[in-house]
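# Summary of structural features
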Amino acid sequence: MTRIIAGQLGGRRLQVPAKGTRPTTDRVREALFSRLDHAGVLTGAKVLDLFAGSGALGFEALSRGASDVTLVESGAPAVRVLQANVRELGVQGQARVVREKVAPFVARSAATAPGYTLVVIDPPYDLNPDDVDAFLEVLPALLAPQAMVVLEGSTRARAPQWPAALEVLTSKDYGETRLMYAERS
């Protein structure tokens with residue numbers, strides 16, 4: 001079971017796709033959002049959740065004060081789960097589900113993005129690191145100044161090649177999960 005940890009929607013349960021996703025554990029989400037709360041980036045944030053899966057990261061941000069979230073996911077079963085979670089949580093006016101692969105979405109949205117202030121990225125651990133590097137290179141075009149980017153990955157994977165427009169702030173390991181934080185410079 002995945003649930004929203006804190007905030008306005010705290011305690012609410014989320015549907016999770018039966019297969020094909022790896023939900024972020026409660027422990028890692030709590031650590032991530034405690035850090036974001038402390039940094040003051042959640043209130044009024046325009047959030048982009050890439051590789052959204054169940055939407056747990058995006059919905060947690062909404063629950064803690066973000067103004068809206070765009071949830072990008074390519075798998076049809078996961079998109080159906082995302083749409084159901086949007087309905088069940090009653091956040092239709094704040095959450096937008098986009099069924100598209102991340103790289104084309106980022107490339108297509110670069111010219112028209114609303115200036116996201118927080119991006120959470122949780123790609124499959126087996127995704128080719130070169131693919132991660134490719135969409136990270138284009139990502140700054142979607143961001144507002146000083147936007148925060150959080151990338152979740154495996155401690156066993158090579159570190160991504162961050163573009164010059166994103167300044168790496170820190171990273172923290174939680175078992176096999178690594179959270180990497182960067183800011184648009």
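Just so you know, these numbers come straight off a predicted model, no measurement behind them.

### Thoughts on the pairing of strand 7 (residues 143–154)
Counting buried residues in strand 7 gives 10 out of 12 residues, a clear majority hidden from the surface. Sheet analysis places strand 6 (residues 116–121) next to strand 7, joined by five bridges and oriented parallel. Paired with V120 across the bridge in strand 7 is V150. After leaving strand 6, the chain enters helix 5 (residues 129–138) and then returns to the sheet as strand 7, a path that is right-handed. Examined bridge by bridge, strand 7 and strand 9 (residues 177–184) share seven bridges and lie antiparallel to one another.

### A closer look at the layout of surface pockets
Counted as a void, the largest pocket has a volume near 510 Å³. Along the walls of the largest pocket sit 26 residues, with F51, E73, D122, P123 and P124 positioned nearest its centre. If you list the elements that add at least two residues to the lining of the largest pocket, you get helix 2 (56–63), helix 4 (102–109) and helix 5. It is helix 5 that contributes the most residues to the lining of the largest pocket, three residues altogether. Grouping the amino acids of the lining of the largest pocket by side-chain chemistry returns 12 nonpolar, seven polar and seven charged.

### Here's the deal with empty space enclosed by the protein
Applying the stated criterion across every chain, the model contains one cavity of 30 Å³ or more. Taken together, 16 residues line the largest cavity, and the ones lying closest to its centre are V132, G153, S154, A157 and R158. Those elements that place two or more of their residues in the lining of the largest cavity are helix 5, strand 7 and strand 9. At four residues, the largest contribution of residues to the lining of the largest cavity is made by strand 7. Its residues placed into classes, the lining of the largest cavity shows 11 nonpolar, two polar and three charged.

### Thoughts on the nonpolar core
L36, F59, L118 and V150 are the most contacted members of the largest nonpolar core, which has 32 residues in total. Mapped onto this core, the elements with two or more residues apiece are helix 1 (26–39), helix 2, strand 4 (68–73), helix 3 (76–89), strand 6, strand 7 and strand 9. For this core, the element with the most residues is helix 2, which contributes five residues. The next biggest cluster of nonpolar side chains, apart from the first, holds 24 residues, and it includes L48, F51, L139 and L166.

Criteria and thresholds
- Residues numbered from 1 in each chain as written.
- Predicted model: local features only at pLDDT ≥ 70, side-chain atom pairs only at ≥ 80, totals over all residues.
- Heavy atoms only, no water.
- Buried < 20%, exposed > 50% of the residue type's maximum accessible area, 1.4 Å probe, protein only.
- Helix = DSSP H or I, 4+ residues; strand = E, 2+ residues; numbered from the N terminus.
- Pairing = 2+ DSSP bridges.
- Right-handed = clockwise from strand over helix to strand, strands pointing away.
- 1 Å grid on protein atoms, 1.4 Å probe; cavity = no way out; pocket = protein on both sides within 12 Å on 5 of 7 lines; lining within 4 Å.
- Points joined across faces, edges and corners; volume = space filled by probe spheres on them.
- Nonpolar A, V, L, I, M, F, W, Y, C, P; charged D, E, K, R; others polar.
- Core = buried A, V, L, I, M, F, W, Y, C linked by side-chain atoms within 4.5 Å.

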